[in-house]
Amino acid sequence: MSIVDTPERRQLRELTRSFVTREVLPHLADWERAGEVPRELHATAAKIGLLGIGFPESVGGSGGDLLDSILVTEEIIRSGGSSGLIAALFTHGIALPHMVAAAGGQSGGLLRGRLGGGQLRGDDDLVDRYVRPTLAGTMIGALAITEPDGGSDVAAIRTTARRDGDHYVVNGSKTYITSGVRADFVTTAVCTDFPGSGELSLLVIDKATPGFTVGRRLEKLGWHCSDTAELSFVDVRVPVTNRIGEENTGFLAIMQHFAAERLSLATQAYATAQRCVELATRWCRDRATFGRPLASRQLVRHRLAEMHTRAEAARAYVHEVAARVAAGEPVVTEVAMAKNVAVAACDQVVDQALQLHGGFGYLRDAEVERHYRDARILGIGGGTTEIMNEIIAKGMGL
Ligand SMILES: Cc1cc2nc3c(=O)[nH]c(=O)nc-3n(C[C@H](O)[C@H](O)[C@H](O)COP(=O)(O)OP(=O)(O)OC[C@H]3O[C@@H](n4cnc5c(N)ncnc54)[C@H](O)[C@@H]3O)c2cc1C
């Protein structure tokens, strides 16, 4: 039995599937055209407890651990949703965990045995002002790390926060920020020493703060239902009480929470591959060429068999690594390998699934076309494939 195949998790899978069928599938094409998902979707997902999965009840979440979050992600895509939808609706999965940890809580089981609440300032105020309303679906948050000068080198962040009494004065810019257009607040990585020093802190910045402007809505290859923005900060005064944890603990917090983001992206990758295997299999059964169904040809059957094998192997490895993370094991290298394995499987499977669909696969009407475009970000976001290889090489002692 799979680790995500318990009776409780089967119920969660059912809940997720019915949410996607009722609330998402009839509208997804419209949201792709609109470039964003409606705010009401957050409230609807919150009402049935889906938005809060992986966050403790003590901060307004629904409970559950990292494996429950993975199950929800997997099921959304396998029910016909998309990784773009997950990026848009579950941005809080990257925007909130630092606050929850700083208040002494845990999200997704990720921090167990590794950070401990005591190292950072317990801050229930941030939980009340941002975490609870977001998990209730009435606020939207984003996480801003990447800057126009580069994203892979997190320590090189140049957005500065200079202390001035009870405030920080923030100057700089961020780019490629998921949900940045719609977000009410942004968990922002800033440099609290000289630019490039690597001394980072995390500040929660309200969109309404003077000097904070949301720039262009960025147009993208895929993830069309997920809004992506440039952000600018000019002399933005942020209360010191909006700092997450102690000053200069931001780099460590960012690195620790990358594990959850990377496993989520790995899940999106293998689930997209699984969905594309299903779509291609259905298509090859129904489509006949030269008087026979495609699926009757050995070449096609073997291709589908290989696609299925790659998707299932990636899923098994991601689950194994996720279980180890949830148990508190320090598996930074394995998380990087899981992301690369799942992304490689996804890249190959979506490409072959589209090919098997022939000309129809290239049309906007084909679901596989959307997955093909959406999949390309998975090896870039949350740390690129090359950066994962750097981590793996370090883990090998190279
Ligand atoms: C749709 C989308 C959504 C995003 N959402 C967010 C978000 O919500 N918040 C956020 O902060 N960021 C977000 N990002 C940014 C994303 O995390 C970065 O794009 C990513 O980390 C890579 O950074 P970069 O684009 O600056 O590339 P760069 O760091 O400039 O890298 C360019 C290329 O060089 C390679 N490279 C870099 N360094 C090395 C090295 N040492 N050795 C070998 N190769 C190297 C990289 O792998 C890459 O191929 C998003 C991006 C996109 C496209």
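Every value quoted in this text rests on a predicted model; they were computed, and no experiment measured them.

## A closer look at the site of the ligand
Here comes step 1: Close contacts around the ligand come from 18 residues, with Thr 146, Gly 151, Ser 152, Thr 384 and Glu 386 the closest.
Here comes step 2: At a separation of 2.6 Å, an oxygen atom of the ligand approaches a polar backbone atom of Gly 151.
Here comes step 3: Within the complex, the protein chains bury 64% of what would otherwise be the 980 Å² of accessible surface of the ligand.
Here comes step 4: Mapped onto the shell around the ligand, the elements with two or more residues apiece are strand S1 (141–144), strand S3 (167–178) and helix H13 (385–395).
Here comes step 5: Here the element with the most residues in the shell around the ligand is S3; it accounts for 3 residues.
Here comes step 6: Across the shell around the ligand, the residue classes break down as 9 nonpolar, 7 polar and 2 charged.

## Some thoughts on unusual backbone geometry
Here comes step 1: We note that Asp 235 has phi near 50°; this positive angle belongs to a residue other than glycine.
Here comes step 2: Of note, Asp 235 is situated in strand S7 (residues 228–239).
Here comes step 3: The class for Asp 235 is partly exposed, based on a relative accessible area of 48%.
Here comes step 4: Even without being glycine, Asn 248 reaches a positive phi, approximately 65°.
Here comes step 5: Among the structural elements, Asn 248 can be located in the loop between strand S8 (243–244) and helix H9 (250–286).

## A short note on the packing of aromatic side chains
Here comes step 1: What the rule picks out here adds up to 3 aromatic pairs.
Here comes step 2: Taken together, a centroid distance of 4.8 Å and an interplanar angle of 55° make the contact between Tyr 130 and Phe 185 tilted. One end of the pair, Tyr 130, is in helix H8 (residues 124–135); the other, Phe 185, is in strand S4 (residues 185–191), and 55 residues separate them in sequence.
Here comes step 3: One Lys or Arg, Arg 163, reaches over the ring of Tyr 168 and ends 5.7 Å from the middle of that ring.
Here comes step 4: It is Arg 262 that lies over the ring of Phe 258; its NZ or CZ is 4.3 Å from the centre.

## A word on the pattern of salt bridges
Here comes step 1: By the definition in use, this model includes 26 salt bridges.
Here comes step 2: With its nearest N and O atoms 2.9 Å apart, the salt bridge here joins Arg 324 to Glu 329.
Here comes step 3: Residue class for Arg 324 comes out partly exposed when judged on its relative accessible area of 26%.
Here comes step 4: Among the ionic pairs, Glu 369 bridges to Arg 373, the shortest N-O distance being 2.9 Å.

About the criteria used
Residues numbered from 1 in each chain as written. Predicted model: local features only at pLDDT ≥ 70, side-chain atom pairs only at ≥ 80, totals over all residues. Heavy atoms only, no water. Near = heavy atom within 4 Å. Polar contact = N/O pair within 3.5 Å; in protein donor to acceptor, adjacent residues only side chain to side chain. Areas by Shrake-Rupley, 256 points an atom, 1.4 Å probe, with all protein chains shown as cover. Helix = DSSP H or I, 4+ residues; strand = E, 2+ residues; numbered from the N terminus. Nonpolar A, V, L, I, M, F, W, Y, C, P; charged D, E, K, R; others polar. Buried < 20%, exposed > 50% of the residue type's maximum accessible area, 1.4 Å probe, protein only. Phe/Tyr/Trp six-rings, centres within 6.5 Å; stacked < 30°, edge-to-face > 60°. Lys NZ or Arg CZ within 6 Å of the ring centre and 35° of its normal. Salt bridge = Lys/Arg side-chain N within 4 Å of Asp/Glu carboxyl O.

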